[in-house]
Amino acid sequence: MTLADALDAFASVRQSPQSQGHIRPLHWYVACRLVLEGGFLPSHIVPRPPFEAHRLRRGIYRLEHVPELGGQGERTVLGGLKAKDIDVVVANTAVGPCVAVSIKGTLNAFRNLTNRMEEAVGDCTNLHIAYPNLVYGFFHVLRANRAGPRPADAAHFLAAGAQGETRSNDVALRDDEPVDSLVRYHDVMSQLTGRRGVRDDVTRYESVALALVTPSAGNGAGILDTWPGAASSLRIERFFDTLYSEYDLRYVFAAPKMAGKTTRATWREDSPTLRHPLASEFAARVEP
């Protein structure tokens, strides 16, 4: 699964939004990326990526693509207040849940993002109470609906106004600028990222990413590069690297006696998986 394919499934919404068919490809993409780029063992991840890792020597593995091993679903994690189903979870058998990513998708009703803020704070607090060491990421994609006539292929999830236009509440971009509700949402989420260390604020995520997804126009869907701005801490380019560095600080460098069980895997450069055409999109974690 490439990021472009996952974003296209989200933005095109070929199925009813209630089916979650538009967001599940992003779960799959993130899970695969945590293996190829992150060096986490596929058997430790839910949903299970379609790979098998064969240990060659300490820290070095041969990675094979085994489609029938791929799985679906979420993992239920016991929080401090209630159990929570999380979209993507890495659970090392030695330390339990250690990395988690909550993936949200918003297609319309951008004025209701206030609810997302409240949910985000609650989810993060709930899990960090039970697992202070957990490296938790929040990845939110939003459809970049533009002001103007409602697109004909969006009638099953966007209601039209009196003149056939996309309703104001469902507009994300007006004259190529994000609407006020998106600006406020970005500002709030900027305050909920950047948790550093187990004694830091439990209401903050280790990493947060926001992305406006432009619908396909014959060339596939893509991420709008102008929002969030280049200086924003919520750019997707920073999201995964932050997860990896925080994991290493907490589970490897802070506990050297456990490093044999917690150090992220490195893949042999000649692994069959890395020769797969789709693998070229990922910056695989290979032997130097």
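Below or above, wherever it landed, is the structure these notes cover.

Parameters at a glance
Residues numbered from 1 in each chain as written. Predicted model: local features only at pLDDT ≥ 70, side-chain atom pairs only at ≥ 80, totals over all residues. Heavy atoms only, no water. Phe/Tyr/Trp six-rings, centres within 6.5 Å; stacked < 30°, edge-to-face > 60°. Helix = DSSP H or I, 4+ residues; strand = E, 2+ residues; numbered from the N terminus. Buried < 20%, exposed > 50% of the residue type's maximum accessible area, 1.4 Å probe, protein only. Pairing = 2+ DSSP bridges. Contact = heavy atoms within 4.5 Å. Axes fitted to C-alpha atoms, helices over the stretch in contact; angles between N-to-C directions. Core = buried A, V, L, I, M, F, W, Y, C linked by side-chain atoms within 4.5 Å. Right-handed = clockwise from strand over helix to strand, strands pointing away.

**Some details on the packing of aromatic side chains**
In step 1: With the rule as written, the count across this model stands at nine aromatic pairs.
In step 2: Look at Phe40 and Tyr247: their rings are 5.0 Å apart centre to centre, the planes differ by 85°, and that puts the pair in the edge-to-face class. Note that Phe40 is positioned in the loop between α2 (24–36) and β1 (45–46) and Tyr247 in helix α5 (residues 236–253), a separation of 207 residues in sequence. In this structure, Phe40 and Tyr247 share a single accessibility class: buried.
In step 3: Three or more aromatic residues link up through ring pairs in this structure, and these residues are Phe40, Tyr244, Tyr247 and Tyr251.

**Focus on the sheet that holds strand β6 (residues 88–92)**
In step 1: Taken in spatial order, the six strands line up as β1-β6-β7-β8-β11-β12 in an open sheet, and their pairing is mixed. Each of the sheet's edge strands pairs with one partner strand only, and the pair in question is β1 and β12 (222–223).
In step 2: Here seven bridges tie strand β8 (residues 135–143) to strand β11 (residues 207–214), and the two strands are oriented parallel to one another. Looking at the pairing, Arg143 lines up with Val213 of β11.
In step 3: Against the sheet, helix α3 (residues 113–130) contacts β7 (96–106) and β8, and its axis sits at roughly 165° relative to β8.

**Section: the nonpolar core**
In step 1: By size, the foremost hydrophobic cluster in this structure holds 52 residues, and its most contacted members are Leu26, Val30, Leu34, Phe139 and Val141.
In step 2: Mapped by element, the contributors of at least two residues to this core are α1 (3–12), α2, β3 (60–65), β6, β7, β8, β11 and α5.
In step 3: The leading source of residues in this core is α2, at nine residues.
In step 4: Leu34 has contacts with Gly39, Phe40, Ile45, Val88, Val90, Phe240 and Tyr244, leaving out every residue within four places of it along the chain.
In step 5: Counting residues in each nonpolar core, the second largest holds 31 residues, with Leu134, Phe138, Ala172 and Leu210 among its members.

**A few points about the environment of Ala120**
In step 1: In this fold, Ala120 is placed in helix α3.
In step 2: Look at Ala120 and you get buried, because its relative accessible area is 1%.
In step 3: A sequence separation of 163 residues divides Ala120 from Ala283, and the C-alpha atoms of the two residues are 29 Å apart.

**Some remarks on the environment of Ala144**
In step 1: By secondary structure assignment, the location of Ala144 is in the loop between β8 and β9 (173–174).
In step 2: Sequence spacing of Ala144 and Ile223 is 79 residues, and the spatial spacing of their C-alpha atoms is 9.0 Å.
In step 3: When sequence neighbours within four positions are dropped, the list of residues in contact with Ala144 reads Ala172, Leu173, Leu212, Val213, Thr214 and Pro215.

**Observations regarding the pairing of β3**
In step 1: Both strand β2 (residues 51–57) and β3 contribute to a ladder of six bridges, which runs antiparallel. Paired with His54 across the two strands is Arg62, which belongs to β3.
In step 2: Linking β2 to β3, which pair antiparallel, is a turn of two residues; within it Gly59 sits at a positive phi near 80°.

**Details of the pairing of β8**
In step 1: Where burial is concerned, most of β8 is hidden: nine out of the nine residues are buried.
In step 2: Residues Val135, Gly137, Phe139, Val141 and Arg143 point to one face of β8 and Tyr136, Phe138, His140 and Leu142 to the other, with burial holding for every one of them.
In step 3: Bridge analysis of β7 against β8 gives eight bridges, and the strand direction is parallel. Along β8, the bridge assignment pairs Val99 with Val135.
In step 4: The parallel pair β7 and β8, bridged by α3, forms a crossover whose chirality is right-handed.

**Re unusual backbone geometry**
In step 1: For the peptide bond that leads from Val46 to Pro47, omega is 0°, which places it in the cis range.
In step 2: Along the chain, the position of Pro47 falls in the loop between β1 and β2.
In step 3: Residue Pro228 is bonded to the preceding Trp227 through a cis peptide linkage, with omega at -10°.
In step 4: With respect to the helices and strands, Pro228 occurs in the loop between β12 and α5.
In step 5: With phi around 50°, Ala109 is a residue other than glycine that occupies positive phi space.
In step 6: Residue position: Ala109 is located in the loop between β7 and α3.
In step 7: One non-glycine residue, Asp175, lies in the positive phi region at around 55°.

Shape descriptors only; they carry no functional weight alone.
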